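# Report on the structure
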Amino acid sequence: MPDIEALERALENLQRAHPSLDALQALVLLALDGQGKDGLSSARLSRRFGVEHALIRRACTELEAQGWVHLAVAGGASPALRVTLARPLPGATPST
């Protein structure tokens, strides 16, 4: 896990470069950076950040509309989505 200062810098840099991103969207992108083609489930992101799953799903849906991520049904009876980066993030950013 990266140190908190590095994560804060990465978050600030990403939001400065892309002001349309809110803080949760930027955190999702930072968490996905370096996850490879498998990405992460929205349920795992929800648990990792301690944020309601519905808020994570909304952030992911907005990121998909902006072309940042791809979403797919995670499978099973879960409402979780599989979230993968659609394009690389600018610069090296630490994963959360």
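Residues numbered from 1 in each chain as written. Predicted model: local features only at pLDDT ≥ 70, side-chain atom pairs only at ≥ 80, totals over all residues. Heavy atoms only, no water.

### Quick notes on the side chain of Ser 42
For Ser 42, the location among the structural elements is in helix H3 (residues 42–49). Among the polar contacts listed, one links the side chain of Ser 42 to the side chain of His 53, at a separation of 2.7 Å. Once residues lying within four places of it in the same chain are set aside, the contact partners of Ser 42 are His 53, Ile 56, Arg 57, Ala 80, Leu 81 and Val 83. (Helix = DSSP H or I, 4+ residues; strand = E, 2+ residues; numbered from the N terminus. Polar contact = N/O pair within 3.5 Å; in protein donor to acceptor, adjacent residues only side chain to side chain. Contact = heavy atoms within 4.5 Å.)

### Quick notes on the packing of aromatic side chains
In this description, an aromatic ring pair is defined by two values, namely the gap between the centres and the angle between the planes. Applying the stated rule across the entire model yields zero aromatic pairs. A cation over a ring is seen here: Arg 87 above Trp 68, with NZ or CZ 3.6 Å from the ring centre. (Phe/Tyr/Trp six-rings, centres within 6.5 Å; stacked < 30°, edge-to-face > 60°. Lys NZ or Arg CZ within 6 Å of the ring centre and 35° of its normal.)

### So, the sheet that holds strand E2 (residues 69–73)
The pairing of strands in a sheet comes from backbone hydrogen bonds and takes either a parallel or an antiparallel form. Strand order in the open sheet formed by three strands is E1-E3-E2, with antiparallel pairing between adjacent strands. Unpaired on one side and paired on the other, strand E1 (40–41) and E2 mark the two borders of the sheet. In this structure, E1 lies alongside strand E3 (residues 81–85), joined through two bridges in antiparallel fashion. What sits directly across from Leu 40, in E3, is Val 83. Running over the sheet, helix H2 (residues 23–32) touches E1, E2 and E3 and is turned about 80 degrees from E3. Here helix H4 (residues 53–65) sits on the sheet in contact with E2 and E3, set at roughly 125 degrees to E2. (Pairing = 2+ DSSP bridges. Axes fitted to C-alpha atoms, helices over the stretch in contact; angles between N-to-C directions.)

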